[in-house]
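Here's the letter readout for the chains.
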Amino acid sequence: MRASQFHISTSKETPADAEIVSHQLMLRAGLIRRLASGLYSWMPMGLRVIRKIEAIVREEMDRAGGVELIMPAIHPAELWQESGRWEKYGPELLRLTDRHDREYCVGPTHEEVITDIARRELRSYRQMPMNFYQIQTKFRDEIRPRFGVMRSREFIMKDAYSFHLSEESLLQTFDDMHTAYCAVFDRVGLEYRPVEADSGSIGGAKSREFHVLAESGEDALAYSTGDDFAANVEKAEAISTATRGAAKSEMVSVDTPKVHTIDQLTKALKIDVTQTIKTLLVKGADTPVVALIIRGDHQLNEIKAEHLDAVLTPLTFADAKDIKAAANCDAGSLGPVGLTIPVIADGDAAAMSDFVCGANVNGKHLQGVNWERDLPEPVIADLRNVVDGDPSPTGKGEIKIVRGIEVGHIFQLGTTYSETMKAAIPDENGDMQNMHMGCYGIGITRTAAAAIEQNNDGKGIIWPDAIAPFTAVISPIHMAKSETVKAAAEALYKTMKDAGVDVLFDDRPLRPGVMFADMELIGIPHRFVVSEKHIANDQLEYKGRRESDAEIISISDALGKLGVSA
RNA sequence: CGGGGUAUGGCGCAGCCUGGUAGCGCACCUGCUUUGGGAGCAGGGGGUCGUAGGUUCGAAUCCUGCUGCCCCGACCA
């Protein structure tokens, strides 16, 4: 591609409302342009990255036995009503009505549509297993789109759905997909980690997320130093090893005016945060509210809390009125002593003795509180986020926390959808069996952003070769003034094109500094500079995007730098 | 959804407090000079100052409504 015939649109200035580096660089490099909140155009330079990621995903999906199709972006409401998700999915589902007053939604995911296809198309166990996939634009009406294409409303996703006669077959495909996903992210060239995850609203049994490791990631991941355990913090089991000490103190009430937070409490009473507990009231499934107890320094894991039978789904914190009704005080003075509502405590909180908590009287806290003696033994459940240094749930090593960007997620759905949508198939004996399903997603556009998040420097993006918009750039110095430079650059361009290199020929009549800065911002991994200086010796200058210095090489060695031959 | 901020040329901003009819940098166009790390000089084009209303002789500026966008929050015990 000749730069003069392409569209390059770079900017020196960082857009004011872009927060994270990938968003800033995508805008500055002219990869994307914003149309409206959470809606982005992929400009020619950016689209090349998307196409390359798609190609890798497609190849690995095909290799793993996937079969590509494409489904509509707009879905009839009936299908979603049939699965029950028309009501369950909530406001993220963009609904619309056509001229005949029929209701539709813009597909945020395609379980309903594919299940409908499967129940019509798959009529014999002999056709199983089947793994359909598509690469397509999705829409989710996020409450708060941010970080550019990292969390946009419209985005490109590869979604695959597998159908099986048996659970064993599903497990096999799940493993195959795991392998395929690793192959994808290996090829894309990113540092990533597969982790155990909660399956969330989609439902189903087991799921695994693929995260690109990056400080700016929205997810916290826990891994073990002792073995290969890795899980999203949402999912990672907190192990309580503490044993309760004997009660040493009497329970006393102390005045704590204006103390509403754990931080204020530890300062006011000059105690360690690990002697305190937090009491959180949430709406209950059978009672108006339920009390959840965790140690003062721990954080409630909302996913774990939501999984408790006693807790209303979705998890909803009690409002001031509910709190007043249950404990006759404000939120800052809550404690478990004397409560008549269900009390569920995290393992570590239940193992405490002589602890401090709110007195359920505004401006008062209780010290020296002990389970059993001062209040009933609580129901014990895992309620908190794991923290750095926790023992690994596998019993080997301890937990470390890193941050990641979720770029892939694979689920075992089981028969959730096939049951509600009646997708059954006769087995060898002619008995109808609900299909077992799996689903597997990769955020194509998010992967591009994650790649930048992980690979950039002060000058701009540093694309991994596999997904760079162009693998190499030829930068001729003052080509307009030098026939020899022009001839040599043209010749090199032809050689590279003929060898199948995805090369950009920067034939724009620009000063060298401008060309270099542009290409470094855009992040082209390999640069070949053709100039009068070296041309007499049949040489040119090569520089890798990550390297600080250029090297002088023979023109005939240029292709070798890219690992290709003519 | 709650709170905060913001809206001025394609982009980034100043002007607003103290009302007098719009300016800077980048980008763009023309010319000359320059030419291996985002050139210099000269000239030029482009803005109903988000929108609707109000106050005023006069509104980018003051007031009100609306809308867009951004940030924070939705973990507080």
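Conventions used here
- Going along each chain's sequence as written, the residues are numbered from 1 onward.
- Both sets of labels track the order of writing: A upward for chains, 1 upward for ligands.
- It should be noted that, the model being predicted, local features are given only for residues of pLDDT at least 70 and side-chain atom pairs only at 80 or more, the latter also being counted only at that level, while totals for whole chains, interfaces and linings use all residues.
- Remark: hydrogens and water are excluded; side-chain values derive from all non-hydrogen atoms of the structure.
- Going along the chain from the N terminus, every DSSP run of H or I of four or more residues is numbered as a helix, and every run of E of two or more is numbered as a strand.
- The rule is simple: take the accessible area with a 1.4 Å probe, protein chains only, and divide by the maximum for that residue type; under 20% is buried, over 50% is exposed, in between is partly exposed.
- Residue contacts follow a heavy-atom distance rule, with two residues in contact if any of their heavy atoms lie within 4.5 Å.
- To measure how exposed things are, a 1.4 Å probe is used in the Shrake-Rupley method; for residues, cover is taken only from the protein chains shown.
- For the purpose of counting charges, residues Lys and Arg are taken to be positive, whereas Asp and Glu are taken to be negative. His and the chain ends are not included.
- Every charge is mapped to an atom, namely NZ of Lys, CZ of Arg, CG of Asp or CD of Glu.
- Cavity: a set of points on a 1 Å grid over the protein atoms alone where a 1.4 Å probe fits but cannot get out. Pocket: an open set with protein on both sides within 12 Å along at least five of seven lines, its lining residues, like those of a cavity, having an atom within 4 Å of a point.
- Grid points are joined across faces, edges and corners, and a volume is the space filled by probe spheres set on the points.
- Under the convention adopted here, Pro, Cys and the residues Ala, Val, Leu, Ile, Met, Phe, Trp and Tyr are nonpolar, Asp, Glu, Lys and Arg are charged, and Gly plus all remaining residues are polar.
- A single heavy atom is enough: if one lies within 4 Å of a molecule or strand, its residue is considered near that molecule or strand.
- Polar contacts, as used here, are pairs of N or O atoms within 3.5 Å; protein pairs need one atom able to donate a hydrogen and one able to accept it. Residues neighboring in sequence count only if both atoms are side-chain atoms.
- Pairing between two strands is assigned when DSSP locates at least 2 bridges connecting them.
- Axis lines are fitted to C-alpha atoms, over the contacting stretch for helices. Their N-to-C directions set the angle, which ranges from 0 to 180 degrees.

**Some words on the overall build of chain A**
Here is step 1 of the chain: For chain A, the helix and strand inventory stands at 16 helices and 30 strands.
Here is step 2 of the chain: Viewed in the frame of its principal axes, chain A has a C-alpha envelope of about 95 × 70 × 50 Å.
Here is step 3 of the chain: By residue count, 53% of the 566 residues in chain A fall in the buried class.
Here is step 4 of the chain: Within chain A, counting contacts between residues at least 6 apart in sequence, those at least 24 apart form 69% of the total.
Here is step 5 of the chain: Total accessible area computed for chain A in this model is approximately 25600 Å², and 49% of it derives from carbon and sulfur atoms.
Here is step 6 of the chain: The distance from the centre of the 63 positive side-chain charges to the centre of the 84 negative ones in chain A is 5 Å.

**Points about empty space enclosed by the protein**
Here is step 1 of the chain: A full pass over the atoms with the stated rule returns 1 cavity of 30 Å³ or more.
Here is step 2 of the chain: Approximately 50 Å³ is the volume attributed to the largest cavity.
Here is step 3 of the chain: Residue lining of the largest cavity: V473, M519, E520, I524, R527, K543, G544 and R545, and that is the complete set.
Here is step 4 of the chain: When residues of the lining of the largest cavity are traced back to their parent elements, those giving at least two are α14 (512–522) and β29 (539–544).
Here is step 5 of the chain: When the residues that make up the lining of the largest cavity are grouped by side-chain class, the tally is 3 nonpolar, 1 polar and 4 charged.

**With respect to the protein's contact with RNA strand B**
Here is step 1 of the chain: In the region of RNA strand B, 43 residues are neighbours, and R144, L300, F317, E520 and S531 sit closest.
Here is step 2 of the chain: Expressed as a percentage, the sugar and phosphate content of the atoms of RNA strand B within 4 Å of the protein is 45%.
Here is step 3 of the chain: One nitrogen or oxygen atom from the main chain of T279 is found 3.3 Å from a base nitrogen belonging to RNA strand B.
Here is step 4 of the chain: Side-chain polar atom of K481 to a base oxygen of RNA strand B: 3.3 Å apart, as the coordinates give it.
Here is step 5 of the chain: Counting only elements with at least two residues in the surface near RNA strand B, the list comes to β14 (277–283), α14 and β28 (526–530).
Here is step 6 of the chain: Broken down by element, the surface near RNA strand B gets its largest block of residues, 7 residues, from α14.
Here is step 7 of the chain: The class makeup of the residues in the surface near RNA strand B is 17 nonpolar, 9 polar and 17 charged.

**A word on the sheet that holds strand β17 (residues 355–361)**
Here is step 1 of the chain: An order of β13-β18-β17 is seen for the 3 strands of this open sheet, with the pairing classed as antiparallel. Across the chains shown, the open sheet's two edge strands, defined by having one partner strand only, are β13 (252–255) and β17. Strand-to-strand twist of the sheet, defined as the mean angle between neighbouring strand axes without regard to direction, takes the value 35 degrees.
Here is step 2 of the chain: The pairing of β13 with strand β18 (residues 364–369) spans 4 bridges and is antiparallel. Its bridge partner lying in β18, V252 is registered against Q367.

**Remarks on the sheet that holds strand β26 (residues 472–476)**
Here is step 1 of the chain: Here 5 strands make up an open sheet; going across it, the order is β27-β26-β28-β29-β30 and the pairing mixed. Where the open sheet ends on each side, the last strands, each with one partner, are β27 (503–505) and β30 (551–554). If you compare each strand with its neighbour and ignore which way they point, the axes differ by 30 degrees on average.
Here is step 2 of the chain: Taken together, the 5 bridges between β26 and β28 define a ladder with parallel strand orientation. Following the sheet pairing, S475 is matched in β28 by V529.
Here is step 3 of the chain: Strands β26, β27, β28 and β29 of the sheet are contacted by α14, whose axis makes an angle of about 170 degrees with β26.

**Structural notes on the pairing of strand β6 (residues 103–106)**
Here is step 1 of the chain: Pairing of strand β4 (residues 74–76) with β6 involves 3 bridges; the strand directions are antiparallel. The partner of H75 across the bridge, within β6, is C105.

**Describing the side chain of E541**
Here is step 1 of the chain: Looking at the element boundaries, E541 is found in strand β29.
Here is step 2 of the chain: Excluding residues within four positions of it along the chain, E541 makes contact with R527, F528, V529, H534, A550, E551 and I552.

**A closer look at helix α12 (residues 444–454)**
Here is step 1 of the chain: With 10 of 11 residues buried, α12 is to be regarded as a mostly interior element.
Here is step 2 of the chain: Among the residues of α12, I444, T445, R446, T447, A448, A449, A450, A451, I452 and E453 are the ones counted as buried.

**Some words on the environment of F528**
Here is step 1 of the chain: For F528, the position within the fold is in strand β28.
Here is step 2 of the chain: Using a relative accessible area of 0% as the deciding quantity, one classes F528 as buried.
Here is step 3 of the chain: When the C-alpha positions of F528 and D431 are compared, they lie 66 Å apart, and in sequence the two are 97 residues distant.

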